[in-house]
Amino acid sequence: MWLQRLDIKNLRNLVDVKLHPSPRLNIIEGLNGSGKTSLLESIYLLSCGKSFRTHRFSNLPTQGCDWMGVYGKISGKENRIISVGLEHRNGKNFIKAEGNRLQKASELANYLPIVVIHQESHRVFTQSPKYRRAFVDWGVFHVEQNFLSTWQYFSRTLKQRNAALSQRNSTMSLDHWDLALHQSALLIDDFRQEYLNKLIPLFNHYAAALLSIDDEITIEYKRGWSDKEDYLSVLNASIGRDRLLGYTQKGPHRADITFKVCGVPLHEFISRGQQKLLVCSLYIAQAALFSKLTGQASLFVIDDVTAELDNLHVDNLMKVLNGLEVQIFVTTPDKLLVDSQLFPETKMFHVEHGIVTEVV
Ligand SMILES: Nc1ncnc2c1ncn2[C@@H]1O[C@H](COP(=O)(O)OP(=O)(O)OP(=O)(O)O)[C@@H](O)[C@H]1O
Ligand SMILES: [Mg+2]
């Protein structure tokens, strides 16, 4: 899948943009504040109905405008052209695909899967487990048909169990919910474990291609309860404390992955540049695995690709991206930092005060 055409109306400082991207590498260059990240934000909006910068859609329309829109034409399977669009007006989102209104933004994800690396992506290493779960679950969602419904069922049941737990002086039996949680938790754990078994060798492969670290990176998946115990027994054993706290302490909603070098959390051991390259390794592995398992291609987007990297490592990264054979969008404040000759079909776009022009 790739984005053949992108139209943007009133998104931040991008008032009227029309773009015909390359199916391979697209380099977006321009000075600070010109609108590069906003352009990537618009692609992300089209692919999943969310922004990677804000939860508040009301911040997206250009100051003084009361609406914004992003529209795309996607080249899908067997070169079929699919139109998608997202508008925000009067506090509401209107999302369309193939002429039909979609009820949920998440339905867009089936049309234009996207892997994005932005300024906050290093939080997959540095911040709370929810970012690592979100990373893994993106991958599992796209390759395992039953994951979403299983996860939704688990979350609903968890809410009901937590509601029962937080009722004061309640002695209500939780057996019904525990059994339901147990079944779905095992499935979620299996899906994640299986996905990570495939992802980790790819991560190691790309990490070795992008940088050299003398010591081995150890990656450990923690499923959210002890490996040695059965989940149903864990739920039963923790009921007293769960009632005290008013929520379920253990389960796949508490899963995590640890990345360590020499026994130390990765982000406390390595440099900023190395951290960026490992974030790239992780997301490149995810895009590569998506292609391998689905036979389709996701979009791959990196904001400020050159930040924190020296020339040698930028070149390495670009070579590895070239090998991915997917549509790529990268931004840089300095076009000289990216060697566009490396790619077979490259387009460069110059952004200045929200005006985007193709450099020919
Ligand atoms: N709602 C809005 N309306 C108008 N302009 C906005 C709005 N939101 C943000 N901006 C402006 O849009 C401009 C473009 O921001 P953007 O983050 O896309 O720049 P950039 O090219 O990525 O810069 P950098 O190289 O510093 O990352 C900024 O000057 C910002 O102040
Ligand atoms: Mg930017």
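Residues numbered from 1 in each chain as written. Chains lettered and ligands numbered in written order. Predicted model: local features only at pLDDT ≥ 70, side-chain atom pairs only at ≥ 80, totals over all residues. Heavy atoms only, no water.

Asker: Can you tell me about the overall build of the protein chain, naming the residues and giving the values?
Answerer: Helices and strands together make up the secondary structure of the protein chain, namely 10 helices and 15 strands. By the compact-globule yardstick of 21 Å for 360 residues, the protein chain fits well, its C-alpha radius of gyration being 22 Å. Each principal axis of the C-alpha atoms in the protein chain carries an extent, and together these give about 70 × 55 × 40 Å. Taken across its 360 residues, the protein chain has 50% of its residues classed as buried. Considering only contacts in the protein chain between residues 6 or more positions apart, those separated by 24 or more positions represent 70%. Counting only carbon and sulfur atoms, one obtains 49% of the accessible surface of the protein chain, whose full area is about 17,600 Å². (Helix = DSSP H or I, 4+ residues; strand = E, 2+ residues; numbered from the N terminus. Rg over C-alpha atoms; globule rule 2.2 N^0.38 Å. Buried < 20%, exposed > 50% of the residue type's maximum accessible area, 1.4 Å probe, protein only. Contact = heavy atoms within 4.5 Å. Areas by Shrake-Rupley, 256 points an atom, 1.4 Å probe, with all protein chains shown as cover.)

Asker: An account of the sheet that holds strand β9 (residues 217–222) is requested, with residue identities and associated values reported.
Answerer: The strand order across the open sheet built from 3 strands is β9-β10-β11, with neighbouring strands paired in antiparallel fashion. In the strand order of this sheet, the two ends are held by β9 and β11 (264–265), each with one partner. The sheet contact formed by β9 and strand β10 (residues 256–261) spans 6 bridges and is antiparallel. Looking across to β10, one finds that Glu220 is bridged to Thr258. Contacts from helix α5 (residues 175–210) reach β9 and β10 within the one sheet, and its direction differs from that of β9 by about 170°. (Pairing = 2+ DSSP bridges. Axes fitted to C-alpha atoms, helices over the stretch in contact; angles between N-to-C directions.)

Asker: Can you lay out the site of ligand 1 for me, pointing to particular residues and giving the numbers?
Answerer: What surrounds ligand 1 is a group of 16 residues, the closest being Gly33, Lys36, Thr37, Ser38 and Arg53. Backbone polar atom of Pro61 to a nitrogen atom of ligand 1: 2.9 Å apart, as the coordinates give it. Against a free-state accessible area of 660 Å², the protein chains account for coverage of 69% of ligand 1. Within the shell around ligand 1, the residues separate by chemical class into 3 nonpolar, 10 polar and 3 charged. (Near = heavy atom within 4 Å. Polar contact = N/O pair within 3.5 Å; in protein donor to acceptor, adjacent residues only side chain to side chain. Nonpolar A, V, L, I, M, F, W, Y, C, P; charged D, E, K, R; others polar.)

Asker: How would you summarise unusual backbone geometry if you had to cite specific residues and measurements?
Answerer: In this model, Arg12 sits at a positive phi of 50°, which is unusual for a non-glycine residue. Mapped onto the elements, Arg12 comes out in the loop between β1 (2–11) and β2 (14–19). On the basis of relative accessibility, which here comes to 23%, the residue Arg12 falls in the partly exposed class. The phi angle at Asn79 is positive, at roughly 60°, despite the residue not being glycine. You can see Asn79 is positioned in the loop between β4 (67–75) and β5 (81–89). Among the residues examined, Asn79 registers a relative accessible area of 62% and is labelled exposed.

Asker: Pulling in residues and values, what's your account of the side chain of Asp256?
Answerer: Considering the arrangement of structural elements, one finds Asp256 in strand β10. Polar side-chain contacts of Asp256 include one of 2.5 Å to the side chain of Arg132. Not counting chain neighbours up to four residues away, the residues in contact with Asp256 comprise Pro129, Arg132, Glu220, Tyr221 and Lys222.

Asker: Explain the environment of Arg254 to me, using residue names and the numbers behind them.
Answerer: Tracing the chain through its elements places Arg254 in the loop between α7 (239–245) and β10. Overall, the relative accessible area of 43% leaves Arg254 in the partly exposed class. Separated by 32 residues in sequence, Arg254 and Lys222 have C-alpha atoms that sit 8.5 Å apart. When near neighbours in sequence (up to four residues on either side) are disregarded, Arg254 contacts Arg133, Gly224, Tyr247, Thr248 and Gln249.

Asker: Describe the sheet that holds β4, and please don't skip the residues or the numbers.
Answerer: Reading across from one edge, β2-β1-β4-β5-β6-β7 is the order of the 6 strands in this open sheet, with antiparallel pairing throughout. At either end of the open sheet lies a strand with only one pairing partner, and these are β2 and β7 (100–102). Taking each pair of neighbouring strands and ignoring which way they run, the sheet shows an average axis angle of 20°. Across 6 bridges, the pairing between β5 and strand β6 (residues 92–97) is antiparallel.

Asker: Go over the pairing of strand β15 (residues 355–359), please, and point to the residues and values.
Answerer: For strand β14 (residues 346–352) and β15, the ladder comprises 5 bridges, and the chain directions are antiparallel. Residue pairing in the sheet places Glu352 in a bridge with Ile355 of β15. As consecutive antiparallel partners, β14 and β15 are separated by 2 residues, and within that stretch His353 has a phi angle of approximately 45°, a positive value.

Asker: How would you explain the pattern of salt bridges if you had to name every residue and give the values?
Answerer: This model, assessed by the stated rule, comprises 16 salt bridges. Between Arg80 and Glu98 there is a salt bridge whose closest N-O contact spans 2.8 Å. With Arg80 in the loop between β4 and β5 and Glu98 in the loop between β6 and β7, the pair connects residues that are 18 residues apart, well separated along the chain. On the accessibility criterion, Glu98 (36% relative accessible area) is partly exposed. For the salt bridge of Lys347 with Glu358, the shortest nitrogen-to-oxygen distance reads 3.9 Å. Note that Lys347 is positioned in strand β14 and Glu358 in strand β15, a separation of 11 residues in sequence. A relative accessible area of 37% places Glu358 in the partly exposed class. Three or more residues are tied together by salt bridges with common partners; here these are Lys9, Asp16 and Lys18. (Salt bridge = Lys/Arg side-chain N within 4 Å of Asp/Glu carboxyl O.)

Asker: Please set out the side chain of Arg161 residue by residue, giving values where relevant.
Answerer: Among the secondary structure elements, Arg161 is positioned in helix α4 (residues 147–165). Looking at Arg161, its side chain comes within polar contact range of the side chain of Asp242, at 3.0 Å. Sequence-distant contacts of Arg161, that is, excluding residues within four places in its chain, are made with Leu174, Trp177, Asp178, Leu181, Leu235, Ile239, Asp242 and Thr248.

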